[in-house]
Amino acid sequence: MNLKQLSQKLGLSQTTVSRALNGYPEVNEATRLRVERAAAQYHYRPSTRAKGLATGKALAIGHVIPISSKHEMVNPIFGDFIAGAGETYARHGYEMILCTADDGQEEQVYRGLKARRAVDGVVVHGPRLDDSRIRLLHDIGLPFVVHGRSSGATLPYAWLDVNNRHAFQRATDFLLDLGHLRIGLINGMECMDFAHRRRDGYTIALLARGVPVDPSIMRSSEMTEDFGYQSTRDMLALGNPPTALLCASLISALGARRAVEEAGLVMGRDVSIITHDDDLSYLKNGGDIPIFTATRSSVRAAGARLAEILLGGIADPDLPHQNVLLEAELMVGRSTGPAPRKD
């Protein structure tokens, strides 16, 4: 059913029906409720395009995904984030636009979205240290929220992040308390802000206990299963291998587990593993008792909350920039145990 047909059934003008559905204050409460009930009864859904023309908004949010180089966005974690954000957009009558761009062409993509009025705002993914996109979006006046933070960025901006430094400091302390002194780090790409902060948390915990930081048992790359496997295999081949591993992703941790078992060792007895768990809907870390001891923070819930922040800022541009820092839970699973005794 279209707007004209719904208006005829109600005996009201199309303008009145449209204003009632869009919450205009000049429509009285009785009329608004009558229109809403009829819209539900006849399964009427207003045209997003028409609504956008009426309000002067695109009613769309952009996500620009770099593809020309290795990038964390190829990680399936991105899918859960998008699902959480998308549910929020849909509830508020917004659509999502995904754009891919070579890393060197991101600026043109953002400028194009702004010039065409294709979106009302964008989400910045995978922030880098002193990320230039923050200044660019300020300069062109396109509302945005950053998923994560950018160390070194001086302009004010809205962001939502996990306290990555504290999470990895706490995880490293947990392993140190179990007697582990050789703790390997299998991190994400450290040009990315989250990975930089995770490494800081790891090193802070080691140095606070007087444990030297050993670069030979630290790895940084795209968080894949194979990266976790290759990194663990190489570390275990060292003369003084680690007795514990700290992984930046559940996906990398699966590769680390494969390498441990392939070496004839037992996870949790010979080698302990802690990972960060984004609580993925399609890759669960076990049931009531987690497989891996993990710092857990739902990336899907983060996507939903970040979308609310962005939409709130679009609705009221005078709102102060929101900064939300989420704490990860430390969930003890079957992958950790006391450091093995040396004979």
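Up top is the structure these notes are about.
Residues numbered from 1 in each chain as written. Predicted model: local features only at pLDDT ≥ 70, side-chain atom pairs only at ≥ 80, totals over all residues. Heavy atoms only, no water.

Draft legend 1. Highlighting the pairing of strand β4 (residues 144-147). Where strand β3 (residues 121-124) lies against β4, three bridges are found, and the strand directions are parallel. Following the sheet pairing, V122 is matched in β4 by F144. Read from β3 through helix α7 (residues 132-140) to β4, the crossover connection turns out right-handed. (Pairing = 2+ DSSP bridges. Helix = DSSP H or I, 4+ residues; strand = E, 2+ residues; numbered from the N terminus. Right-handed = clockwise from strand over helix to strand, strands pointing away.)

Draft legend 2. Representation of the sheet that holds strand β11 (residues 323-326) in the model. Judged by pairing direction, the sheet is parallel, and its six strands sit side by side in the order β2-β1-β3-β4-β5-β11 without closing on themselves. Single-partner strands in this sheet number two, and they are β2 (95-101) and β11. Adjacent strand axes in the sheet meet at a mean angle of 20 degrees when their direction is disregarded. Its contacts with the sheet place helix α6 (residues 106-115) against β1 (60-66), β2 and β3, and it is angled at close to 170 degrees to β1. (Axes fitted to C-alpha atoms, helices over the stretch in contact; angles between N-to-C directions. Contact = heavy atoms within 4.5 Å.)

Draft legend 3. Layout of the sheet that holds strand β8 (residues 244-247). Strand order across the open sheet formed by six strands is β7-β6-β8-β9-β10-β12, with mixed pairing between neighbours. One side of each edge strand has no neighbouring strand; the edge strands of this open sheet are β7 (218-220) and β12 (329-331). Going from strand to strand, the sheet's axes swing by 15 degrees on average, the running direction of each strand aside. In terms of strand pairing, strand β6 (residues 183-187) meets β7 through three bridges, oriented parallel. Within β7, the position partnered with L185 by the bridge is M218. Across the face of the sheet, helix α8 (residues 164-177) comes into contact with β6, β8, β9 (272-277), β10 (293-296) and β12 while running at roughly 170 degrees to β8. Taken strand by strand, helix α11 (residues 250-262) contacts β6, β8 and β9, and its axis lies near 160 degrees from that of β9.

Draft legend 4. Structural context of the environment of A101. Looking at where A101 falls in the secondary structure, it is placed in strand β2. Spatially, the C-alpha atoms of A101 and K9 are 47 Å apart, while their sequence positions differ by 92 residues.

Draft legend 5. Looking closely at the environment of L236. By the secondary structure assignment, L236 is in helix α10 (residues 225-236). According to the relative accessible area criterion, L236 is buried, its value standing at 19%. Taking the C-alpha atoms as reference points, L236 and H276, 40 residues apart in sequence, are found 21 Å from one another. Leaving out residues up to four positions away in the same chain, L236 has contacts with P241, P242, A259, V260, A263, L265 and V271. (Buried < 20%, exposed > 50% of the residue type's maximum accessible area, 1.4 Å probe, protein only.)

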